[in-house]
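What follows is the residue order along each chain.
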Amino acid sequence: MSKFYITTPIYYPSGNPHIGHCYTTVACDSIARYKRMQGYDVMFLTGTDEHGQKIEEKAKEKGVTPQQYVDDIVKVFKSLWSYMNISYDRYIRTTDDFHVQAVQKIFKELYDRGYIYKGEYKGKYCTPCESFWTQSQLDENGCCPECHREVKEASEEAYFFKMSPFADRIEKLLTETDYLQPKTRATELINNFIKPGLEDLCVSRTSFTWGIPVTFDPKHVVYVWVDALFNYCTALGYMNEAHDDFAKFWPADVHMVAKDIMRFHAIIWPAMLMAMDLPLPKHLAVHGWITFNGQKMSKSLGNVVDPFILGERYGADAIRYHILREMALGADSSFSNEIMINRINSDLANGLGNLVSRTVAMAAKYFGGTLPEEREAGEFDDELIAEATALRGKVDAFIDQTQINNALAEIFKVVSRANKYIDETTPWILGKDESKKARLATVLYNLLETIRIVSTLLSCFMPTTMPKVWEQIGAQESDISYENAGKFGVMPANVTVHKGDIIFPRIDVEKEIDELNKIIGGQSGEAEKADDGFEPAELGEEITIDDFAKSDLRVALVKACEKVKKSKKLLCLQLDDGFGGRQVVSGIAQWYKPEDLIGKKVIIVANLKPVKLCGVESNGMICAADAPDGSAKVIFPDQDLPCGSKIR
Ligand code: ME8
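Source: prediction; values computed, not measured. (Residues numbered from 1 in each chain as written. Predicted model: local features only at pLDDT ≥ 70, side-chain atom pairs only at ≥ 80, totals over all residues. Heavy atoms only, no water.)

A. Main features of the sheet that holds strand β15 (residues 333–334). In space, the 3 strands of this open sheet follow the order β14-β13-β15, with mixed pairing throughout. Each end of this open sheet is capped by a strand with a single partner; those strands are β14 (295–296) and β15. (Pairing = 2+ DSSP bridges. Helix = DSSP H or I, 4+ residues; strand = E, 2+ residues; numbered from the N terminus.)

Structure, rendered in structure tokens:
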């Protein structure tokens with residue numbers, strides 16, 4: 001049997017887990033379940049990264065020991081994973097004795113091999129990120145390039161890890177193999193870290209004590225990232241006796257992480273493995289952030305969405321589905337109550353839920369629950385059957401590329417196809433005609449079989465609800481398997497359905513949004529206070545000056561402005577653009593009243609194709625910037641510039 005080893009990052013228990021942590025964990029869980037269903041011998045690892053200055057400081061603030069502090073939060077992580085139905089095979093805590101001792105051995109081994117040496121560290125240190133940075137790595141304000149907070153000068157005697165011997169191999173790993181998913185991220189890593197010359201990494205600290213002591217120089221503790229990264233190996237028994245499956249599962253098949261810790265996994269981790277002569281993991285799948293009000297959802301920004309609150313309202317499976325469906329590998333995904341509730345209503349309640357309840361209800365109504373064995377094929381059957389049987393192959397391919405959102409999109413295409421098949425075959429009309437019973441039974445059987453295939457595949461993503469679907473459609477345990485998910489006609493012709501509760505109840509959108517805004521809005525107020533931690537939107541793809549020259553930006557004067565009727569968001573502006581005037585519609589009504597803008601000069605994109613917004617024609621766009629509180633701020637140029645002045 002082939003093995004499959006997948007890991008989440010080990011999370012810092014410096015605060016309670018949030019939807020961002022849920023994303024990676026639920027994504028890995030779904031892949032692990034899928035691989036198990038395919039017959040792989042799976043090891044799915046998660047855990048907590050419990051050392052470091054940040055934890056030491058938090059514990060002190062609370063008046064408890066660091067160990068007591070992490071013990072309490074780890075309980076919350078574990079209860080969330082159980083609530084979310086996370087099927088991890090192993091949970092590692094970096095305070096586990098076996099891990100501590102293994103990291104000490106690894107550190108000594110790297111020292112004995114000549115890859116770690118003692119020196120003096122002078123640099124810029126970011127306390128929240130626990131990272132030292134060189135001057136060239138700081139952002140344009142001289143702050144931490146990860147969290148954009150102030151860094152401080154720090155200097156200490158320290159041990160260093162030699163990075164330069166591995167630069168060429170790492171560059172090849174990133175450019176010539178499919179280690180990095182998506183591979184497009186390789187350019188930023190190479191330009192920012194490898195091209196300027198890989199600097200040696202400071203791998204010990206003397207300024208705090210909550211860490212793993214270096215055995216041969218105990219005033220030093222091992223840098224938290226060296227301690228943390230090796231969890232992927234020690235959890236299997238590398239350099240320890242607590243487990244014995246390192247030979248079986250290493251190298252990892254997939255490490256999944258968000259972009260903020262890509263550098264550690266794409267450069268530092270391979271270098272350390274190379275230094276230990278260990279094989280490299282096969283894939284590093286990097287996803288974006290779940291953002292809230294335009295900022296990364298993060299404990300330190302205080303804008304986190306509590307998964308327990310959402311789970312209680314809609315069920316763990318609906319939350320799992322929503323976050324998996326929204327996040328595309330490599331891009332950020334913005335969390336909003338509205339998108340979540342609409343997604344649950346459209347895909348789960350109206351799409352899948354409706355398909356199951358309509359099919360089961362018709363089988364009960366027309367045949368007392370048990371289909372007769374007579375069959376009559378008809379129009380549309382072949383198309384539905386072909387789509388349902390081809391589905392498994394498509395999902396396999398997307399799972400292998402860690403594109404879970406696309407796998408789910410394929411599954412829901414078949415759900416829509418099946419709902420359309422009901423409209424095409426009109427079983428309620430067939431039911432009125434005694435001579436059409438065989439045709440009706442065929443239609444219902446085809447629907448039940450399609451539901452069986454779809455729900456078997458979906459059970460990896462929504463493990464709690466799908467068994468309820470199987471119960472309703474009369475599928476037996478032996479009908480549900482990966483093998484059968486690729487076949488049509490598995491259930492017996494005289495299958496018996498069982499009407500049950502609605503699987504995904506429809507949510508009253510307005511009422512829910514009001515209630516959720518009250519709960520989550522309270523939390524986002526905290527975010528506004530923390531705008532020093534503003535995370536700018538991701539940089540766009542590189543373009544040439546010629547690409548930029550295609551956009552014609554001009555100065556224009558707002559002569560008149562009014563709200564667009566029937567819209568809460570839109571303002572309609574009459575502008576003097578230096579070319580006889582134009583009308584532009586802009587989505588800034590939440591933040592600007594017409595009188596705030598009349599008489600002011602703004603910047604417009606002047607050569608945009610006209611569009612109609614809420615029925616009103618718009619000839620261009622007003623330029624505005626993201627503000628930390630999630631609003632948009634209009635850019636006001638020098639007010640003396642003439643209308644029509646071109647921006648270059
Ligand atoms: O970085 N959107 O731990 P951490 C999406 N201990 N994913 C998010 C997220 C968000 N808003 N916020 C967090 C650490 N994550 C280290 C890892 S591994 C050897 C050591 C997820 O608790 C995402 O997977 O800060 C990210 O990579 C991870 O949590 C960071 O968690």
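Let us keep going from here.
B. Highlighting the packing of helix α5 (residues 167–176) against helix α6 (residues 186–194). In the contact formed by α5 and α6, the axes pass within 9 Å of each other and the chain directions differ by 165 degrees. With respect to each other, α5 and α6 are oriented roughly antiparallel. Pair α5 / α6 crosses with left-handed handedness. Counting all contacts with α5, which are made through A167, I170, E171, L174 and T175, the residues of α6 involved are A186, L189, I190 and I194. (Axes fitted to C-alpha atoms, helices over the stretch in contact; angles between N-to-C directions. Parallel < 35°, antiparallel > 145°, perpendicular 65-115°, else oblique. Left-handed = near helix turned anticlockwise from the far one by under 90°. Contact = heavy atoms within 4.5 Å.)

C. Fine view of unusual backbone geometry. The omega angle of the peptide bond from Q181 to P182 is 0 degrees, so this bond is cis rather than trans. Turning to its location among the elements, P182 is positioned in the loop between β7 (180–181) and α6. Here the residue pair W250 and P251 is connected by a cis peptide bond, since its omega of 5 degrees sits within 30 degrees of zero. Take P251: it is sitting in the loop between α9 (246–249) and β11 (254–258). Non-glycine residue H148 carries a positive phi angle of around 60 degrees. Within the secondary structure layout, H148 lies in the loop between β5 (131–133) and β6 (152–161). Assessed through its relative accessible area of 24%, H148 is described here as partly exposed. Even without being glycine, M239 reaches a positive phi, approximately 60 degrees. (Buried < 20%, exposed > 50% of the residue type's maximum accessible area, 1.4 Å probe, protein only.)

D. Structural context of the packing of aromatic side chains. Tallied over the full model, the rule gives 26 aromatic pairs. Measuring from centroid to centroid gives 6.0 Å for F246 and W250, while their planes differ by 15 degrees, and the two rings are stacked. For F246, a relative accessible area of 17% gives the class buried. Among the aromatic residues, those joined into a cluster by ring pairs are Y5, F230, Y232, Y238, F246, F249, W250 and W269. In this arrangement the basic side chain of K54 is found over the ring face of Y12, its NZ or CZ atom lying 4.7 Å from the centre. (Phe/Tyr/Trp six-rings, centres within 6.5 Å; stacked < 30°, edge-to-face > 60°. Lys NZ or Arg CZ within 6 Å of the ring centre and 35° of its normal.)

E. Spatial organisation of the site of the ligand. The immediate surroundings of the ligand are formed by 26 residues, with I10, T24, D49, I290 and M297 found nearest. Between the ligand and the protein, one listed contact pairs an oxygen atom with a backbone N or O atom of Y12 at 2.8 Å. Interatomic distance of 2.5 Å between a side-chain N/O atom of T24 and an oxygen atom of the ligand. Relative to its unbound accessible area of 670 Å², the ligand is 96% covered by the protein chains. The set of elements that each furnish at least two residues to the shell around the ligand consists of β1 (3–11), α1 (19–38), α7 (224–229), α8 (231–234) and β11. Classifying every residue of the shell around the ligand by side-chain character gives 14 nonpolar, 8 polar and 4 charged. (Near = heavy atom within 4 Å. Polar contact = N/O pair within 3.5 Å; in protein donor to acceptor, adjacent residues only side chain to side chain. Areas by Shrake-Rupley, 256 points an atom, 1.4 Å probe, with all protein chains shown as cover. Nonpolar A, V, L, I, M, F, W, Y, C, P; charged D, E, K, R; others polar.)

F. Seen up close, the pairing of strand β4 (residues 116–126). Both β4 and β6 contribute to a ladder of 10 bridges, which runs antiparallel. Within β6, the position partnered with Y117 by the bridge is F160. Hairpin connection from β4 to β5: 4 residues lie between these consecutive antiparallel strands, with E130 at a positive phi of about 50 degrees.

G. Structural context of the sheet that holds strand β2 (residues 41–48). Spatially, 6 strands are ordered β3-β2-β1-β11-β12-β7 in an open sheet, and the strand pairing comes out parallel. The open sheet has two edge strands, β3 (90–93) and β7, and neither has a second partner. Across 5 bridges, β11 lies against strand β12 (residues 283–287) in parallel orientation. The partner of V254 across the bridge, within β12, is H283. Sitting on the sheet, helix α3 (residues 66–83) is in contact with β1, β2 and β3, with an inclination near 160 degrees to β3.

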